[in-house]
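Each chain, written out:
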Amino acid sequence: MPDTEKDMAGQSTSTDDSSIDTSSQLLLTEAAVEANTPSQTDGTATGRNIIEKIKTILQAVPTILVALFIYKVLSSYSKQSYFNPCNMTIASNRDFHKYYGIENSRNHFTITTADDCDSQIIINSVLPQAVLKQDHSATSFLILSKFGTGKTLLRCEYFKSLSPTQYFKVLILNQHLNDYLERYVSATSVDGVNCESSNCLVGWRKYEFGQVLLSMLVTQLVNEYEKEQFHVSDVSLEEKMKLISIICYYYNGDDINKLERFVNYFLEKPSSSQYKASTTVTQFIQRNVYYDKLLLAHFKKDLNKFRVLNKNNRKLELLLGIVEGEKFESQAAKTTMVENIFEDLVQLTVFVRDHVKKSVVFVIDGIDESPYLLHKSIDGKILLELFMRSSVCQEILSLMMTQNFYLSLFYPQIDDIQFQNDIVRKDKFPTLTIQWDTKSLMNYADYVIEEMNRNILRNRCQLIPDFETLVSYTNPQIADIINEFQTPRELHQFIRKLIVEMNNCAKDNDKPFIATFDNVNNAYIKAKEVFKKYPTLDKAEK
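Residues numbered from 1 in each chain as written. Predicted model: local features only at pLDDT ≥ 70, side-chain atom pairs only at ≥ 80, totals over all residues. Heavy atoms only, no water.

Colleague: Help me understand the overall build of the chain, please; the structure alone is not making it clear to me.
Modeller: A tally of helices and strands in the chain yields 20 helices and 7 strands. Expressed as a percentage of the 542 residues in the chain, the buried residues total 45%. A separation threshold of at least 6 residues defines the contact pool for the chain, and within that pool the share at least 24 residues apart is 75%. Summed over its atoms, the accessible surface of the chain is roughly 28400 Å², and 50% of this surface lies on carbon and sulfur atoms. (Helix = DSSP H or I, 4+ residues; strand = E, 2+ residues; numbered from the N terminus. Buried < 20%, exposed > 50% of the residue type's maximum accessible area, 1.4 Å probe, protein only. Contact = heavy atoms within 4.5 Å. Areas by Shrake-Rupley, 256 points an atom, 1.4 Å probe, with all protein chains shown as cover.)

Colleague: What am I meant to see in unusual backbone geometry here?
Modeller: Leaving glycine out, the prevailing phi sign among residues is negative, and the prevailing peptide bond configuration is trans. Positive phi outside glycine occurs at Lys327, with the angle close to 60°. Examined against the element boundaries, Lys327 turns out to sit in the loop between helix H11 (313–325) and helix H12 (329–334). For Phe513, which is not a glycine, the phi torsion comes out positive at approximately 65°. Note that Phe513 resides in the loop between helix H19 (488–505) and helix H20 (517–531).

Colleague: Before we go on, may I ask you to explain the packing of aromatic side chains in this structure?
Modeller: To describe a pair of aromatic rings, one takes the distance between the centres and the angle between the planes. The tally for this structure, following the rule as stated, stands at 29 aromatic pairs. Consider the rings of Tyr99 and Tyr100, whose centres lie 5.0 Å apart with planes at 90°: the pair is edge-to-face. Its relative accessible area of 6% is what places Tyr99 among the buried residues. Measuring from ring centre to ring centre gives 6.1 Å for Tyr167 and Tyr406, while their planes differ by 80°; the resulting arrangement is edge-to-face. Taken together, the residues Tyr167 in strand E2 (residues 167–172) and Tyr406 in strand E6 (residues 406–412) connect sequence positions 239 residues apart. A relative accessible area of 5% places Tyr167 in the buried class. For Tyr406, a relative accessible area of 28% translates into the label partly exposed. (Phe/Tyr/Trp six-rings, centres within 6.5 Å; stacked < 30°, edge-to-face > 60°.)

Colleague: When you look at the side chain of Lys240 in this model, what are you seeing that I'm missing?
Modeller: Relative to the assigned elements, Lys240 resides in helix H8 (residues 237–250). Residue contacts for Lys240: discarding those within four places in its chain leaves Val232, Val235, Phe266, Leu267 and Glu268.

Colleague: Whenever I open this one, a nonpolar patch on the surface confuses me. Can you help?
Modeller: The grouping of Phe284, Val289 and Tyr291 at the surface amounts to a nonpolar patch, some 240 Å² of accessible area in total. Here Tyr291 lies in strand E4 (residues 289–292). (Patch = residues over 30% accessible without salt bridge, like charges linked within 9 Å, V, L, I, M, F, W, Y side chains within 5 Å. Salt bridge = Lys/Arg side-chain N within 4 Å of Asp/Glu carboxyl O.)

Colleague: Help me out: how do you make sense of the pairing of strand E5 (residues 359–365) in this one?
Modeller: Strand residues, when the strand is regular, have side chains that alternate between the two faces of the sheet. Within E5, 6 of the 7 residues are buried, which leaves it mostly tucked inside the rest of the structure. Summarising the sheet, E2 and E5 pair through 6 bridges and their orientation is parallel. Note that in E5 the partner of Leu171 across the bridge is Val363. Looking at chain direction, E5 and E6 are connected through 5 bridges and run parallel. Across the sheet, the residue bridging to Ile364 is Leu409, located in E6. (Pairing = 2+ DSSP bridges.)

Colleague: For this particular structure, what's the right way to read the nonpolar core?
Modeller: A general tendency of soluble globular proteins is for nonpolar side chains to be buried together. Phe351, Phe362 and Tyr411 are the most contacted members of the largest nonpolar core, which totals 91 residues. Of the residues forming this core, the biggest block, 10 residues, is contributed by helix H7 (residues 206–228). Setting aside anything within four residues of it in sequence, one finds Tyr411 in contact with Leu142, Ile143, Leu144, Ser145, Lys151, Phe209, Ile364, Ile367, Phe387, Met388, Ser391 and Phe419. Judged by nonpolar contacts, the second largest core, of 60 residues, contains Val363, Met442, Ala445 and Ile482. (Core = buried A, V, L, I, M, F, W, Y, C linked by side-chain atoms within 4.5 Å.)

Colleague: Could you clarify how one ought to interpret the packing of helix H6 (residues 174–188) against H7 in this entry?
Modeller: Each pair of packed helices can be described by the angle between their axes along with the distance between the axes. Taken N-terminus to C-terminus, the directions of H6 and H7 make an angle of 130°; their axes are 11 Å apart at the nearest point. With respect to H7, the element H6 is oriented oblique. The two elements H6 and H7 meet at a crossing, and its hand is right-handed. In contact with His176, Leu177, Tyr180 and Tyr184 of H6, H7 contributes Glu208, Val212, Ser215 and Met216. (Axes fitted to C-alpha atoms, helices over the stretch in contact; angles between N-to-C directions. Parallel < 35°, antiparallel > 145°, perpendicular 65-115°, else oblique. Left-handed = near helix turned anticlockwise from the far one by under 90°.)

Colleague: For this particular structure, what's the right way to read the packing of helix H13 (residues 341–356) against helix H15 (residues 394–401)?
Modeller: One way to put it is that H13 packs onto H15 with a least axis distance of 11 Å and a crossing angle of 20°. Here H13 lies roughly parallel to H15, going by the angle between them. In this structure, H13 meets H15 at a crossing whose hand is right-handed. Together, Phe342, Leu345 and Val346 of H13 and Glu395, Ile396 and Leu399 of H15 make up the contact between the two elements. Residues of the contact of H13 with H15, tallied by class, amount to 5 nonpolar, no polar and 1 charged. (Nonpolar A, V, L, I, M, F, W, Y, C, P; charged D, E, K, R; others polar.)

Colleague: How should the sheet that holds E5 be read in this particular structure?
Modeller: The strand order across the open sheet formed by 5 strands is E2-E5-E6-E1-E7, and the pairing between neighbours is parallel. Two strands bound the open sheet, and with one partner strand each, they are E2 and strand E7 (431–432). Those strands touched by helix H5 (residues 151–161) are strand E1 (141–145), E2, E5 and E6, and its axis lies near 160° from that of E6.

Colleague: Hey, could you run me through the pairing of E6 in this one?
Modeller: Counting buried residues along E6, 6 of its 7 residues qualify, which places the element largely inside the surrounding structure. Note: E1 against E6, 5 bridges, orientation parallel. Pairing of Leu142 across the sheet is with Leu409, part of E6.

Colleague: Could you clarify how one ought to interpret the pattern of salt bridges in this entry?
Modeller: Enumeration according to the criterion identifies 17 salt bridges in this entry. Linking Lys160 and Glu157 is a salt bridge whose minimum nitrogen-to-oxygen distance equals 3.1 Å. On the criterion of helical spacing, the pair formed by Lys160 and Glu157 is a turn pair, its members being 3 residues apart in helix H5. Residue Lys160 is classed as partly exposed on the basis of its relative accessible area of 46%. The exposure class of Glu157 is buried, given its relative accessible area of 19%. When the shortest N-O distance is used, the salt bridge between Asp292 and Lys300 registers 2.8 Å.

Colleague: Can you walk me through the state of the cysteines in this structure?
Modeller: A covalent bond between the sulfur atoms of two cysteines is what we call a disulfide. Inspection of every chain in the model, using the stated rule, returns 1 disulfide. Across a sulfur-sulfur distance of 1.9 Å, Cys86 and Cys461 are joined as a disulfide pair. Taking the sign of the S-S torsion, about 115° here, the bridge from Cys86 to Cys461 comes out right-handed. Here Cys86, found in the loop between helix H3 (43–83) and helix H4 (96–99), pairs with Cys461, found in the loop between helix H16 (438–453) and helix H17 (467–470); they are 375 residues apart in sequence, far enough to count as distant. (Disulfide = S-S within 2.5 Å.)

This is the structure:
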């Protein structure tokens with residue numbers, strides 16, 4: 001090693017015993033060299049000098065060793081004191097996640113929704129057993145539970161459990177519904193934009209709900225047909241034309257090229273004779289004025305009677321080209337699609353069952369997150385109830401009970417809304433709920449803690465204790481607060497606030513990150529402000 005490197009190494013805080021040996025060896029070597037170097041002085045005197053130097057060196061070694069040992073101990077203590085996550089005198093250590101070694105892990109308590117469907121913590125004992133079947137089969141039901149009880153989590157697990165080779169699964173969430181609700185508002189409001197003084201959705205009926213189901217089914221079939229690989233050679237041209245009319249009317253996408261590919265595949269058209277909206281002659285000229293063809297005008301007038309469907313006229317132009325090319329003008333002119341919503345729903349679901357070889361399953365969740373159903377200028381309960389009642393109308397349930405499709409609804413339980421009483425055959429379409437109590441919530445919290453402890457870092461102070469210990473539940477005052485929680489969402493919101501409280505007080509508590517009464521009480525007060533966004537969760541509303 002060069003001398004400069006040795007000097008730098010000597011300044012390092014990581015000096016060990018090997019450096020002592022090196023220093024001793026250098027001195028001994030120097031003495032040896034002197035002993036072997038020719039000298040003009042008396043040989044006896046030189047020998048004595050060498051012996052004296054060796055004695056000096058040997059006497060100094062214990063002192064050097066003791067000094068370096070003390071240095072190493074003090075240096076090690078200083079490092080441990082600074083980097084030890086249990087040392088609350090260091091400001092950066094006053095962090096719940098660092099203390100328990102979950103800085104790089106997922107804290108499930110800080111997750112307020114299950115929309116990503118990636119949770120691995122499922123408490124089966126709380127969930128309705130009729131939903132998650134051992135054979136992973138579909139079923140029709142209504143889940144009716146309070147906000148934050150785990151409806152979305154259950155929906156995720158149910159949806160994932162259904163085999164994609166056996167079921168054609170159509171998931172309808174609030175973002176999908178908003179698309180249809182927005183069109184309905186636009187079609188029924190005075191200015192065609194919004195409804196400030198009164199809500200336009202008060203006229204929502206079963207027919208609109210039927211349109212939503214059929215449109216979502218059509219759009220998904222068009223988007224995914226290449227993966228389904230179904231065959232239509234045994235389907236008559238008359239039935240194909242009827243299905244194509246349904247598909248062109250109800251298609252909710254804006255990609256007409258995708259729709260063109262589907263209908264040409266459906267009609268088994270070679271590339272040389274495929275139908276395209278852009279090549280369809282849509283107008284005729286009379287006295288230098290262009291007019292829509294009568295059949296196209298009929299299609300437009302009929303489509304405009306639907307309040308929630310996409311009014312893209314290009315899909316009607318495509319339909320016109322197909323009808324003319326297949327010589328079905330007469331039949332098309334006599335048909336009004338708006339009068340056959342439920343019949344068309346049956347026809348398409350039966351087609352999927354018989355030719356795609358899958359049973360259709362409609363799964364609806366998240367309606368309580370739609371801004372259209374939670375309108376500020378009118379009681380949101382009225383609008384939610386209108387939508388809920390439309391989804392369990394006699395026509396829809398009759399089609400479901402005759403096994404044309406499965407219908408799985410995940411709805412919030414709202415006080416004073418008893419729409420489930422409209423369901424006549426409760427044995428065929430049961431109403432299920434998710435109920436939590438303090439014991440099941442604490443059991444759930446322990447599951448969450450166990451999951452987080454599996455992914456902790458080595459540089460931690462300790463494992464996360466069980467929930468009872470973490471919140472000091474044995475304190476009667478704290479227990480009274482914890483017993484107020486009724487849902488996992490409430491618990492999550494509370495713990496998010498509690499972590500902040502414990503971070504702020506970590507230096508002052510004898511047991512850092514074990515909650516005190518003040519921690520729990522302050523967190524509860526702050527969490528209640530979040531609960532107020534959900535009326536059924538606020539204590540004052542209960």
